Amino acid sequence: MEPLRFFKKSLRALNTAIRIRNGARVPFRITHITTTRCNLRCKYCGRWNSEKKDMSTGEILSAMDEFSSAGTRAWDFSGGEPLIREDIGELVDKAYELDFSCVLVTNGTLLKERLADVKKIKKIGAINISLDGPKEIHDIIRGKGSFDRALEGIKYAKSKGYKVHLSSVISRENTQKGCKSLFDLFDIAKGLDCPIYLQPVYNSRYNHEKFPSLIPDEKDHKKAINLIRAFKYDNPTLNQTSERTLRWFEGAFSDEQKWDCLAGRAYAFLFPDGVVAPCFFKEDKGINGLENGFSKAFQMLELPDPMCKCMITCCVESNFQYGLSISEVEAQIKRFFTNK
Ligand SMILES: C[S@@+](CC[C@H](N)C(=O)[O-])C[C@H]1O[C@@H](n2cnc3c(N)ncnc32)[C@H](O)[C@@H]1O
Ligand code: SF4
Ligand code: SF4
């Protein structure tokens, strides 16, 4: 990102954080679950089980306009698999036109054929490709052949000059045997020169009655966090998860840990059918933006119970970032200077 653009964006983010601290509700960051359709069937996910009607292209473009007027500056395209949507290129173009910072979260398997459609992402953000371990572990979780296809997508996007990040879920599968697979994953990240964003597995609201939990026991969870921390200090440009976020993950099993969650005040999730909800876990508390207006739906959201906690990485980082945590702001500045 050019220095002037970065400076302007940082000032805007700071201004919003101060407004939020003073009680305003600004939908600064929207995580858009563009569809629940997907070409994979990952063991911990199950979003594909949900039969939701996707919004039309026109409806999403209007939602983006409305959110932009309400103060949105960051838009994450997720899913399901966002590259399954035929119109994903049009949606990314709109994000570019509205000057949003963007992340496109994908399983990477369709990237080679669809990358040209989403070319504007190169100017406004990064592609986050899910990689959960070395081939044998990734394929156990995500299906046979998915590792090779994701790797092909990563290499292709990098060869075309896109900023590529890896999104990796810490689960029972990759923390077994002394977390050997996490070491392998870090080696892969180093070899590819791709920063990793780590996400502790959660019991998805879509799957937890259908599949056994993949949450590791407390000992393995803590060991994994310690390894991530060690990797971060040896490779600061490759793992930029802030220390504050790691500490939050570390305390996940403790009742002592509390925070001021900004879901519904600084960010929200937009579901495929137009429902605006505070976060992924609170879809049942959502309000339909198509019926009420998107900005209004955001303002109408019930605020989180003060005891509510989770480990959804994007929410954790947003809570610390817009809550003005110094170490998170520092991590953001580092990301800029290392261009990762
Ligand atoms: C739901 S996927 C959507 C984007 C795309 N299909 C992909 O797999 O990257 C977004 C991210 O959520 C992660 N995810 C899915 N289910 C999860 C769970 N139960 N716990 C933690 N992360 C999960 C995925 O690994 C992926 O990195
Ligand atoms: S994690 Fe992503 S790729 Fe896997 S099933 Fe869920 S939406 Fe599909
Ligand atoms: S703590 Fe997590 S689950 Fe609870 S409202 Fe906030 S983001 Fe959602």
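### Quick notes on the overall build of the chain
In terms of helices and strands, the chain carries 14 helices and nine strands. Relative to its length of 340 residues, the chain is compact, with a C-alpha radius of gyration of 19 Å against a globular reference of 20 Å. Expressed as a percentage of the 340 residues in the chain, the buried residues total 47%. At a minimum sequence separation of 6, the contacts of the chain that also span at least 24 residues come to 75%.

### Comments concerning the site of ligand 2
Taken together, Cys-38, Leu-40, Arg-41, Cys-42, Cys-45, Arg-47, Trp-48, Gly-79, Gly-80, Glu-81, Asn-107 and Arg-142 make up all the residues around ligand 2. Among the residues making up the shell around ligand 2, the classes are represented as five nonpolar, three polar and four charged.

### Observations regarding the site of ligand 1
Around ligand 1 there are 17 residues in total, and Tyr-44, Cys-45, Ser-130, Ser-167 and Ser-204 lie nearest to it. Within the residue set of the shell around ligand 1, elements represented by two or more residues are strand 3 (101-106) and strand 5 (164-170). Within the shell around ligand 1, the residues separate by chemical class into seven nonpolar, eight polar and two charged.

### Some details on the nonpolar core
One finds Cys-102, Ala-268 and Val-276 to be the most contacted residues of the largest nonpolar core, which totals 90 residues. Here this core gets six residues from one element, more than from any other, and that element is helix 8 (residues 172-192). The contact partners of Ala-268, leaving out residues within four places of it in the chain, are Pro-27, Ile-30, Val-276, Ala-277, Pro-278, Phe-298 and Leu-301.

### As for the sheet that holds strand 9 (residues 287-288)
Across a sheet, strands are paired by hydrogen bonds formed along the backbone, either parallel or antiparallel in direction. Overall, mixed pairing links the nine strands, which are arranged 6-5-4-3-2-1-7-8-9 in an open sheet. At either end of the open sheet lies a strand with only one pairing partner, and these are strand 6 (196-200) and strand 9. Where strand 4 (residues 125-130) and strand 5 come together, four bridges link them in parallel fashion. Across the sheet, residue Ser-130 finds its bridge partner in strand 5, namely Ser-167.

### Here we look at helix 10 (residues 243-250)
Inspection of helix 10 places Arg-244, Thr-245, Trp-248 and Phe-249 among the buried residues, and these make up the whole buried set. The buried residues of helix 10 occupy one face: seen down the axis, they fall within an arc of 140°.

### Things to note about the environment of Trp-259
Within the fold, Trp-259 resides in the loop between helix 10 and strand 7 (267-270). In the structure, Trp-259 is positioned 95 residues away from Val-164 in sequence and 31 Å away in space, judged by C-alpha atoms.

### Thoughts on the pairing of strand 7
Taking every second residue as pointing to the same face, both faces of strand 7 are buried, with Tyr-267 and Phe-269 on one and Ala-268 and Leu-270 on the other. Relative to strand 7, strand 1 (residues 29-33) is paired through four bridges, and the arrangement is parallel. Residue pairing for strand 7: Arg-29 is matched across the bridge by Tyr-267. In terms of strand pairing, strand 7 meets strand 8 (residues 275-277) through two bridges, oriented antiparallel. The residue of strand 8 that forms the bridge with Leu-270 is Val-276. Joining the antiparallel neighbours strand 7 and strand 8 is a turn of four residues, in which Gly-274 adopts a positive phi near 95°.

### Considerations on the packing of helix 9 (residues 218-234) against helix 10
As a packed pair, helix 9 and helix 10 sit with axes 9 Å apart at the nearest point and diverge in direction by 170°. The angle between helix 9 and helix 10 places the two elements in the roughly antiparallel class. Of the two elements, helix 9 crosses helix 10, and the hand of that crossing is left-handed. Counted together, Lys-222, Ile-225, Ile-228 and Arg-229 of helix 9 and Leu-246, Phe-249 and Glu-250 of helix 10 form the full contact between these two elements.

### Structural notes on the packing of helix 2 (residues 57-69) against helix 3 (residues 88-97)
Contact pair helix 2 / helix 3: the axes reach a minimum separation of 10 Å and the direction vectors enclose 15°. If you check the angle between helix 2 and helix 3, you find them roughly parallel. As helix 2 runs across helix 3, the sense of the crossing is right-handed. Between helix 2, through Thr-57, Ile-60, Leu-61 and Met-64, and helix 3, the contact on the second element is made entirely by Glu-90, Leu-91, Lys-94 and Ala-95. For the contact of helix 2 with helix 3, the residue count by class is five nonpolar, one polar and two charged.

### Examining the environment of Cys-45
Inspection of the secondary structure puts Cys-45 in the loop between strand 1 and helix 2. The spatial distance from the C-alpha of Cys-45 to the C-alpha of Ile-141 is 9.7 Å, given a sequence separation of 96 residues.

Rules used in this analysis
- Residues numbered from 1 in each chain as written.
- Chains lettered and ligands numbered in written order.
- Predicted model: local features only at pLDDT ≥ 70, side-chain atom pairs only at ≥ 80, totals over all residues.
- Helix = DSSP H or I, 4+ residues; strand = E, 2+ residues; numbered from the N terminus.
- Rg over C-alpha atoms; globule rule 2.2 N^0.38 Å.
- Buried ≥ 20, exposed ≤ 12 C-beta atoms within 10 Å, placed from the backbone.
- Contact = placed C-beta atoms within 7 Å.
- Near = placed C-beta within 6 Å.
- Nonpolar A, V, L, I, M, F, W, Y, C, P; charged D, E, K, R; others polar.
- Core = buried A, V, L, I, M, F, W, Y, C linked by C-beta atoms within 7 Å.
- Pairing = 2+ DSSP bridges.
- Arc of directions from axis to C-beta.
- Axes fitted to C-alpha atoms, helices over the stretch in contact; angles between N-to-C directions.
- Parallel < 35°, antiparallel > 145°, perpendicular 65-115°, else oblique.
- Left-handed = near helix turned anticlockwise from the far one by under 90°.

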